[in-house]
Amino acid sequence: MNKIWIIAKKELGSFFDSLTAYIMLVAFLGFSGFFTWLYGADIFLRNQADLQVFFNIAYWTLFFFIPAITMRMLAEENKTGTMELLLTKPITEWQVVFGKFTACLLLILIALLLTLPYYLTVWKLGPVDHGATLTGYLGLLLMSATYISIGLFTSSVTSNQIVAFLMALLIGLFFHIIFDVLAHNFTGGMGTFFAYLGVSSHYESISRGVIDSKDLVYFFSVIFLALVSSEIVLSKRNLAD
Amino acid sequence: MDITVEGITKKYGHQKAVDGISFHVKTGEVLGFLGPNGAGKTTTMKIITCMMAPNKGGVRVGDHSIADEPMEVKSQIGYLPENNPLYLDMPVIDYLAYTAALQGVAKHRIKSRIGEMIRTCGLTAEKHKRIGELSKGYRQRVGLAQAIIHDPRVLILDEPTSGLDPNQIMEIRRLIKELGKEKTVILSTHILPEVEATCDRILIINKGKIVADGTPETLRKQATGRELLRIRIEDGDRDRVFSTLQELESVALVDPMPGMQNYFEVQSHPEHSSRRAIFEACVRHHWVLTEMTPMETKLEDLFRDLTVK
């Protein structure tokens, strides 16, 4: 546990050292702020004091920003050879992967905390459903964790950050829309199956305020699977085959 | 802490990078790992540090086996990998604090250990700079500092002096010798004077196999089984001198030294000396012998003998 936190702290520090964090935060707040408050079907046209507009926007902005955060995490260490330093220290591969996962998730958490003024503003404007807002944030966090773990996996298999980024987007795209599109094209069992695989149905039900264990199981299994896959990639070097 | 390597083999595809290597290193010994590029030095070191698992065989560091207790093994080892990878965007101090924490150095001791490392490795002026701003020599020192920050009992250094200037090389060697007094050190290099200067024992490997093992002295003795003389003979016809020397009974090989007039290199048969015979031949032919120098066979020659095949 301690070692995980040491790695997470270092990674979070290098986010803020290398401007990545600031660029990501400014871009995230800029995009979602613009579309939430100023442009298109914005928050004032809803006649309802809630953050649904923001949640819909963040659902897409995070989808694009997360691979940009995770692409570096393991690919860079693979490339510069620092992975060798890390893996010859008395820590496990799981601690490396989970430490990096924690750092990314904390950065997203900071980004989401910075949108708290949105919530306070809406609260000033009218009666807000606090529970639904809370679960909306929870949904974003769970979705982020899912894409972070997928991003870490693609970052672990390559030493090229661009490849890691594109692969994370590609795999993410399946979860984000392609499974849903497939679900519409199939009926019966196949349709339900693909609908279950897509992130959106689970995200929507949580952000509407319904916390179903089925959805939680879905998110946690995808996260777990992706993280374990990255761990396996890292420990493959050490197999006697 | 002793290191025992037992018959390790590592294959990359069909090629055997390491082929059944076994050796034992005692506490307080500095072992020099010598071999041409691609001989399997780095692979062996990666196996000892738990970076890679061998296909066959095993390694014990102290009482711990790399297969069963990798955590214990790793915490006893300080490792400087080849090419010295570092986080270039981190300041020296932060980086050392990070490695110390990962190595499990107690929190209250981290600060004093960093101070000690910075002094030992001569990084005082550089401690607040980012590693990326440092020159190669200073980066090498940072690499060494991170390897010894947790006061490991075993040090594994893969080409610790590559890319350094002569002064820095001397310094690093001195440091390694100092550390080698109480720790077990394995270092790899392909620079021969380096092993002679720093190591108690040399292991020469070629194509994944050990081809020589011993102290620098014993290896040199092994190589100097035959006498080698450099002689200068004046007032004689070059070709006649050559053939006369070649006909001497104890002489195995005469080699006119290129670019140097009247100089010859004479190698005797094993266990024979040709000094008297050469002198007498000169007297017989009224040549003047102006120089006769016994030449020591250098480790270079042994290295070449063993590894160029």
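Since we're looking at a predicted model, the values are computed, not measured.

What counts as what
- Residues numbered from 1 in each chain as written.
- Chains lettered and ligands numbered in written order.
- Predicted model: local features only at pLDDT ≥ 70, side-chain atom pairs only at ≥ 80, totals over all residues.
- Heavy atoms only, no water.
- Buried < 20%, exposed > 50% of the residue type's maximum accessible area, 1.4 Å probe, protein only.
- Helix = DSSP H or I, 4+ residues; strand = E, 2+ residues; numbered from the N terminus.
- Contact = heavy atoms within 4.5 Å.
- Patch = residues over 30% accessible without salt bridge, like charges linked within 9 Å, V, L, I, M, F, W, Y side chains within 5 Å.
- Areas by Shrake-Rupley, 256 points an atom, 1.4 Å probe, with all protein chains shown as cover.
- Salt bridge = Lys/Arg side-chain N within 4 Å of Asp/Glu carboxyl O.
- Pairing = 2+ DSSP bridges.
- Axes fitted to C-alpha atoms, helices over the stretch in contact; angles between N-to-C directions.
- Buried area = accessible area lost by both parts, 1.4 Å probe.
- Polar contact = N/O pair within 3.5 Å; in protein donor to acceptor, adjacent residues only side chain to side chain.
- Nonpolar A, V, L, I, M, F, W, Y, C, P; charged D, E, K, R; others polar.
- Domains from an automatic or database assignment.

## So, helix α10 (residues 199-207) of chain A
All names here are of chain A. Within α10, 7 of the 9 residues are buried, which leaves it mostly tucked inside the rest of the structure. For α10, the set of buried residues is Val 199, Ser 200, His 202, Tyr 203, Ser 205, Ile 206 and Ser 207. For α10, the secondary structure elements touched by its buried residues are α3 (52-80), α7 (130-157), α8 (161-185), α9 (188-197) and α11 (213-236). Backbone geometry just downstream of α10 places Gly 209 in the positive-phi region, at approximately 105 degrees.

## Regarding the environment of Leu175(B)
All names here are of chain B. For Leu 175, the position within the fold is in helix α6 (residues 166-180). Given a relative accessible area of 9%, Leu 175 falls into the buried group. Along the backbone, Leu 175 and Glu 116 are 59 residues apart, and their C-alpha atoms lie at a distance of 13 Å. Once you skip the residues sitting within four places of it in the chain, Leu 175 turns out to touch Thr 120, Cys 121 and Leu 144.

## Re a nonpolar patch on the surface
Residues and elements named next belong to chain A. Together, Trp 60, Phe 64, Ile 177 and Val 181 line one region of the surface with nonpolar side chains, adding up to about 360 Å² of accessible area. Going through the elements one at a time, α3 and α8 are the ones with two or more residues in the nonpolar patch. Relative to the helices and strands, Ile 177 resides in helix α8. For Ile 177, a relative accessible area of 36% gives the class partly exposed.

## Some remarks on the sheet that holds strand β14 (residues 288-294) of chain B
Residue and element names in this part refer to chain B. Within the open sheet, the 4 strands sit side by side as β12-β13-β11-β14. Their pairing is antiparallel. Lying at the two open borders of the sheet, with one neighbouring strand each, are β12 (251-256) and β14. Strand-to-strand, the axes of this sheet are offset by a mean angle of 25 degrees, without reference to chain direction. For strand β11 (residues 228-234) and strand β13 (residues 263-268), the ladder comprises 5 bridges, and the chain directions are antiparallel. Of the residues in β13, the one forming a bridge with Leu 229 is Val 266.

## Some remarks on the interface of chain A and chain B
Interfaces are often described in size by the accessible area the parts lose on coming together. Each partner contributes to the interface: chain A provides 23 residues, whereas chain B provides 26 residues. In this assembly, chain A packs against chain B so that about 2400 Å² is buried in total across both faces, 60% of it on carbon and sulfur atoms. Our count for the contact surface shared by chain A and chain B stands at 1 salt bridge. Of the charged contacts, one joins Lys46(B) and Glu84(A) as a salt bridge, the two residues approaching to 4.0 Å between their closest N and O atoms. Connecting chain A to chain B are 6 residue pairs in polar contact (both at pLDDT 80 or more). Mapped onto the side of chain A that touches chain B, the elements with two or more residues apiece are α1 (2-17), α3 and α4 (82-87) of chain A. Broken down by class, the residue content of the side of chain A that touches chain B amounts to 9 nonpolar, 6 polar and 8 charged.

## Notes on unusual backbone geometry
Residue and element names in this part refer to chain B. Located in the positive-phi region is Asn 83, a residue other than glycine, with phi close to 65 degrees. With respect to the secondary-structure elements, Asn 83 resides in the loop between β6 (77-80) and α3 (92-102). Residue class for Asn 83 comes out exposed when judged on its relative accessible area of 72%. The phi dihedral of Glu 159 is positive, around 50 degrees, even though this residue is not glycine. Within the fold, Glu 159 resides in the loop between β7 (154-158) and α6.

## Here we look at the domain arrangement of chain B
All names here are of chain B. One can read the domain layout of chain B as domain 1 (3-214) and domain 2 (223-307). Here the C-alpha centroids of domain 1 and domain 2 sit 43 Å apart. With 11 residues of domain 1 in contact, the opposing surface of domain 2 contributes 6 residues. Where domain 1 packs against domain 2, one counts 0 salt bridges. Our count for the contact surface shared by domain 1 and domain 2 stands at 0 residue pairs in polar contact (both at pLDDT 80 or more). Listed by contribution, the elements that provide at least two residues to the side of domain 1 that touches domain 2 are α7 (192-198), β9 (201-206) and β10 (209-214). Of all the elements, β9 adds the most residues to the side of domain 1 that touches domain 2, at 4 residues.

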